Amino acid sequence: MRKILFILLLAGSFTADAQSQNRKWFEGRLYHTNGEVFNGLISWTPPHKGEYEDGDIVLYRRDEMAETLPVPYYKVNAFIMGDDSIVVSHNVLFKNSPFMTVVLDNPTKLYTNRAMKNGIPLMINSGGFSGGFGMGVGVGTSIGGGVKTTYYYGKTPDNVTKLEKKQFIEVMSDLMEDKPEVVAKIKDKTFRYGDINNLVTYYLTGQMPKKSYDN
């Protein structure tokens, strides 16, 4: 009995957290599939596998005092959350985590797809919400795990290829071919597969990132 009560209390805390002001919210913009654009506060975190019954959701509210509205991915064309520009992939491979962050917005784009690693599963019911977004979701969440980030490249989020270590020099050189000085540092292995974040920073700013072991 005590174990069941603990699970119910824990489930309640997860449900409340979806609307809690302790959740991280960012100034942003949501592009709805009906053509409307909603400015306000956006909250999204990478989902656990199976966390939502039908793909992923993004949370939106007009301001700090407004109702929190969960918007399912199939009602979203894209959204901006702080400095991140995030689009929706309709590729069946990403049905459980369809939101992709645009890392490099070139003709051939670089994306990241992030999902939580599996922890201990816990199913809860978030109930329904009012408003034009309207949906009630059965939510499965997990305790523990971490974020898995995978890089993809392609012209659209629906048609992408996973960036593998063996392709790194060729693919990134093509993506960044407009800046020969960056390509040179890819080819001389100043930047390797594990340095993608630093490489993108250098490409965008022209400044060599300061590594943690530099003085």
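Keep in mind that this is a model prediction, so the values were computed, not measured. (Residues numbered from 1 in each chain as written. Predicted model: local features only at pLDDT ≥ 70, side-chain atom pairs only at ≥ 80, totals over all residues. Heavy atoms only, no water.)

Is there a simple way to explain the sheet that holds strand β4 (residues 69-72) in this structure?
Strand pairing in a sheet relies on backbone hydrogen bonds. The paired strands run either parallel or antiparallel. Taken in spatial order, the 10 strands line up as β4-β3-β2-β1-β5-β6-β7-β8-β11-β12 in an open sheet, and their pairing is antiparallel. With one partner strand each, in any of the chains shown, β4 and β12 (159-162) form the two edges of the open sheet. The mean angle between the axes of side-by-side strands here comes to 40°, regardless of whether they run parallel or antiparallel. Looking at chain direction, strand β6 (residues 84-88) and strand β7 (residues 99-104) are connected through 3 bridges and run antiparallel. (Pairing = 2+ DSSP bridges. Helix = DSSP H or I, 4+ residues; strand = E, 2+ residues; numbered from the N terminus. Axes fitted to C-alpha atoms, helices over the stretch in contact; angles between N-to-C directions.)

Help me understand the environment of Val87, please; the structure alone is not making it clear to me.
You can see Val87 is positioned in strand β6. What makes Val87 buried here is its relative accessible area of 17%. Sequence separation of Val87 and Val76 is 11 residues, and the distance between their C-alpha atoms is 8.2 Å. When sequence neighbours within four positions are dropped, the list of residues in contact with Val87 reads Asn77, Ala78, Pro98, Phe99, Met100, Val102, Tyr111 and Pro157. (Buried < 20%, exposed > 50% of the residue type's maximum accessible area, 1.4 Å probe, protein only. Contact = heavy atoms within 4.5 Å.)

I'm lost on the nonpolar core in this one. Help?
The nonpolar side chains of a soluble globular protein tend to be buried, and buried together. Ranked by internal contacts, the top residues of the largest apolar core, which has 18 residues, are Leu110, Leu163, Met172, Leu175, Met176 and Leu199. Breaking this core down by element, the ones donating at least two residues are β11 (147-156), α2 (168-175), α3 (180-187) and α4 (196-205). In terms of residues, this core owes the most to one element, α4, which gives 5 residues. Ranked by size, the runner-up nonpolar core spans 15 residues in total, among them Leu30, Ile42, Tyr73 and Val76. (Core = buried A, V, L, I, M, F, W, Y, C linked by side-chain atoms within 4.5 Å.)

Help me understand the packing of α2 against α3, please; the structure alone is not making it clear to me.
Think of two packed helices as two axes; the pair is described by the angle between the axes and how far apart they sit. Two elements in contact, α2 and α3, have axes whose closest approach is 9 Å; the angle formed by their N-to-C orientations is 175°. Taken as axis vectors, α2 and α3 run roughly antiparallel relative to one another. Contacts between α2 and α3 involve Phe168, Ile169, Met172 and Ser173 from the former and Val183, Ile186 and Lys187 from the latter. Taken together, the residues of the contact of α2 with α3 break down into 5 nonpolar, 1 polar and 1 charged. (Parallel < 35°, antiparallel > 145°, perpendicular 65-115°, else oblique. Nonpolar A, V, L, I, M, F, W, Y, C, P; charged D, E, K, R; others polar.)

How should I be thinking about the packing of aromatic side chains in this particular structure?
For any pair of aromatic rings, the description consists of the separation of the ring centres together with the inter-plane angle of the planes. Enumeration over the complete set of coordinates arrives at 8 aromatic pairs. A centroid spacing of 5.9 Å and a plane angle of 90° characterise the contact between Trp44 and Phe99, whose relative ring orientation is edge-to-face. Placement of Trp44 in the loop between β2 (37-43) and β3 (57-61) and of Phe99 in strand β7 is noted, with a sequence separation of 55 residues between them. Summarising the burial analysis for this pair, Trp44 and Phe99 share the class buried. (Phe/Tyr/Trp six-rings, centres within 6.5 Å; stacked < 30°, edge-to-face > 60°.)

Explanation requested: a negative patch on the surface in the structure shown.
Among the surface-exposed residues, Glu170, Asp174, Glu177, Asp178 and Glu181 lie close enough to one another that they form a single negatively charged patch. Turning to its location among the elements, Glu181 is positioned in helix α3. On the basis of relative accessibility, which here comes to 44%, the residue Glu181 falls in the partly exposed class. (Patch = residues over 30% accessible without salt bridge, like charges linked within 9 Å, V, L, I, M, F, W, Y side chains within 5 Å. Areas by Shrake-Rupley, 256 points an atom, 1.4 Å probe, with all protein chains shown as cover. Salt bridge = Lys/Arg side-chain N within 4 Å of Asp/Glu carboxyl O. Lys, Arg positive; Asp, Glu negative; His and termini not counted. Charge placed at Lys NZ, Arg CZ, Asp CG, Glu CD.)

Looking at this structure, how should I read the packing of α3 against α4?
With their axes 9 Å apart at the nearest point, α3 and α4 run at an angle of 160° to one another. With respect to their mutual orientation, α3 and α4 come out roughly antiparallel. You can see that α3 and α4 cross each other, and the crossing is right-handed. Across from Glu181, Val182, Lys185 and Ile186 in α3, the residues of α4 making contact are Leu199, Tyr202 and Tyr203. (Left-handed = near helix turned anticlockwise from the far one by under 90°.)

Explain the confidence of the model for the chain here, please?
Low pLDDT means the predicted atomic positions in that stretch should not be read closely. Per-residue pLDDT for the chain has a mean of 80; in total, 74% of the residues score no lower than 70. Counting interchain partners and residues more than four positions distant, the pLDDT-below-50 stretch residues 119-132 has 44 contacts. Confidence over residues 134-143 falls short of pLDDT 50; this stretch has 42 contacts with residues more than four positions distant or in other chains. (pLDDT = per-residue confidence, 0-100.)

Help me understand α2, please; the structure alone is not making it clear to me.
Buried within α2 we find Phe168, Val171, Met172, Ser173 and Leu175. Turning to α2, the residues buried within the fold contact β7, β8 (109-116), β11, α3 and α4.

Would you explain the pattern of salt bridges in this entry?
Between side chains of opposite charge, a pair can form as their charged atoms come close. Enumeration over the complete set of coordinates arrives at 2 salt bridges. Among the ionic pairs, Asp63 bridges to Arg62, the shortest N-O distance being 3.8 Å. By relative accessible area, Asp63 is classed as partly exposed at 31%. Here Lys109 ties to Asp105 by a salt bridge, and the two come within 3.5 Å at their closest N and O atoms.

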